[in-house]
Amino acid sequence: MMQRRDFLRTSTLGLGAAVLAKLPSFAAASGADAHIEILLGEALGAISPNIYGHFVEHLGGVVYDGIWVGENSKIPNIHGMRKDLVEHLRRIHAPVVRWPGGCFADSYDWKDGIGPREKRPRRTNFWAGEGKLPGKGNVPQAFEPNAFGTNEFIQFSRLTGAQPYLAANVRSLPAEDFYRWVEYCNSPAGSTSLAEMRAAAGFPEPFNVRYWGVGNEPWGCGGQFTPEEYATEFRRYTAWLPGYGMDPGLALIAAGPSDGQTDWTRAFLKKLIEGHSGVINSLYGLSIHHYSWDLARGRTHEWNAAKGDAVKFEAVDWFELLHEGDTLEGFIEDHWKAMGEFDAKRHVKLVVDEWGPWYKPGTEVDSTHLLGQMITLRDAVMSAATLDIFNRHPEKVAMANCAQLVNCLNSLFLAHEDKFVATPVFDVFEMYAPHQGGQGVRSVFNAPDVSYDRDGKSASFWGLKGSASLKEKVLTLTVVNPDVSRPRETEIVLRTAASGAAGIKAARVTTLTDADIHAHNTFENPRAVRPQTKDLSTGGAALRHTFPPASVSALQITLA
């Protein structure tokens, strides 16, 4: 025992958790079947609140029916924004929201969405031909009314307390339009004609938008560029943009690849700095996108492959989805390595501005909600595991945006007409909110893997994982138990570099789970899945807790 303590103390000072992770299981000695070591002396970096960001696109029911109901609606609203949605976003301290897309962004003219609302033009939405919209008539999901434009989005951001992140159109608008959009948003009161136009809409002071995405998915719907072509466009769109004295200045985000395509990252950065080495300093972040669906029963990574059902799934589908979500950690590490070849000073960070599970149609709450899907406990568990990945890499990931906020893919909310419900994914964001701005610290998880049958072949998945952060005397530890049937009795030990052990004054845990892995909230039963909180017994530098099957847990531990 003394040798083990000496080793742990040494690892805290230098060897690190990579060595610890290779140790054989030592939980059995205490009677527990899992063990978590929190190494308080090993700081990972500050966890950016922007990791807990969101994504809003003019797609299906996200904006119209989700966010925007109009000032004259009988649905409770604040300046036309759904009141329930605004209040829930305040609860989770929503840090940043990306808008207006997505693929919609690269067909969007920002000038259509300013000025008097009744005079704004109507346009065919990028998604008009998808799904069940044909035959629905002039619904806003198919024919964009532009009632929700830049002014409304900024107002929505201010109401929720989030920073706006605007995605510019590179595919179908010239660079001058990007320049003018920056001018409209950020030029000082009374300084330009666009500033006066902004003032006429009721916003004399500048919006001071910091985060700007230069295009979206340039390898696909964003223009089908090669990485070299997009690098040239990025330089052209971002050269000599006015900063208007903002401090900090503009944060320009390049639209990077999907998943683990590091060849794109390398080719883009190589071309970007070719003959223009200083350009790297104007780049705040490089985005990557990662969507997950289960690959069991012959499904593949191909875009048009048959995705599984959002609600009707088996245990193997549960694990396969989590496995696909888990690959994001490797993608982050691979892209970070590739970026370091061109950015030795690590000026550029990763921005995962689209992520989440994706299922086949059929569970959306209304037929106009393209890519809408019911959100179950499975999605909450996968979302928690994904947020833990970001927390474990705070030095690499500066921002992430869950796709999408409402009525689409991995939604935190479902809304239709006067009905509104928060999904289990919202609960995860609320449980994980204490991580925002905390100092990430290394955590080492030791638990048996979960074994399952994948189409007649044996497969496995990790048995317990999570992340930890520290704010003054309060440690936040979040833990996912992915096993659908087995609880994990776990010993949790806190270590410091100075003394080898940290005293615990108090602790409590909030747990999200259900006996039914398909459980989900509906308009009729809005709290079918809900977290439960209880105090934990404490003593010394260790805790003992059993994590239920198929669960997400958030522990708040006050240090002595």
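Just so we're clear, the structure is a prediction, and the values are computed from it rather than from any experiment.

1. A look at the environment of Val493
Thinking step 1. Mapping Val493 onto the fold places it in strand β21 (residues 488–495).
Thinking step 2. Dropping the residues within four chain positions of it, Val493 is found in contact with His35, Ile36, Glu37, Ile38, Ala541 and Ala542.

2. Looking at the sheet that holds strand β25 (residues 551–559)
Thinking step 1. Taken in spatial order, the nine strands of this open sheet run β23-β22-β25-β20-β19-β16-β1-β21-β24, and their pairing is mixed. One side of each edge strand has no neighbouring strand; the edge strands of this open sheet are β23 (532–535) and β24 (542–547). Ignoring strand direction, the axes of neighbouring strands in this sheet form an average angle of 25°.
Thinking step 2. Both β21 and β24 contribute to a ladder of six bridges, which runs antiparallel. What sits directly across from Val493, in β24, is Ala542.
Thinking step 3. Lying on the sheet, helix α10 (residues 377–392) is in contact with β1 (34–46), β19 (465–471), β20 (474–481), β22 (504–512) and β25; it crosses β19 at an angle near 55°.

3. Notes on helix α8 (residues 262–273)
Thinking step 1. Taking 1.5 Å of rise per residue, the twelve residues of α8 would be expected to cover 16 Å, and the 17 Å separating its terminal C-alpha atoms lies within 8% of that figure.
Thinking step 2. Within α8, the full set of buried residues consists of Thr262, Trp264, Thr265, Ala267, Phe268, Leu269 and Leu272.
Thinking step 3. Of the surrounding secondary structure, the elements contacted by the buried residues of α8 are α7 (227–238), β10 (251–254), β11 (283–292) and α9 (315–340).

4. Some remarks on the state of the cysteines
Thinking step 1. A complete count under the given rule lists one disulfide for this structure.
Thinking step 2. For Cys103, the disulfide goes to Cys221, at an S-S distance of 2.1 Å. Measuring the twist about the S-S bond at about -80°, one finds the Cys103-Cys221 disulfide to be left-handed. You can see Cys103 sitting in the loop between β5 (96–99) and β6 (123–124) and its partner Cys221 sitting in the loop between β9 (211–214) and α7, a full 118 residues away along the chain. The exposure classification of Cys103 matches that of Cys221, with both residues buried.

5. Side note on the sheet that holds strand β8 (residues 163–168)
Thinking step 1. A barrel is described by the order of its strands in space; here eight strands give the closed sequence β2-β5-β8-β9-β10-β11-β12-β13, paired in parallel fashion. Ignoring which end each strand starts from, the neighbouring axes of this sheet average 25° apart.
Thinking step 2. In terms of strand pairing, strand β12 (residues 349–357) meets strand β13 (residues 397–402) through four bridges, oriented parallel. The residue bridging Val351 from the neighbouring strand is Met399, located in β13.
Thinking step 3. Packed on one face of the sheet, helix α5 (residues 175–186) meets β5, β8, β9 and β10 and runs near 165° to β9.
Thinking step 4. Across the sheet, α10 touches β11, β12 and β13, and the angle it forms with β12 is around 170°.

Here is what the cut-offs are and how they apply
- Residues numbered from 1 in each chain as written.
- Predicted model: local features only at pLDDT ≥ 70, side-chain atom pairs only at ≥ 80, totals over all residues.
- Heavy atoms only, no water.
- Helix = DSSP H or I, 4+ residues; strand = E, 2+ residues; numbered from the N terminus.
- Contact = heavy atoms within 4.5 Å.
- Pairing = 2+ DSSP bridges.
- Axes fitted to C-alpha atoms, helices over the stretch in contact; angles between N-to-C directions.
- Expected span 1.5 Å × (residues − 1).
- Buried < 20%, exposed > 50% of the residue type's maximum accessible area, 1.4 Å probe, protein only.
- Disulfide = S-S within 2.5 Å.

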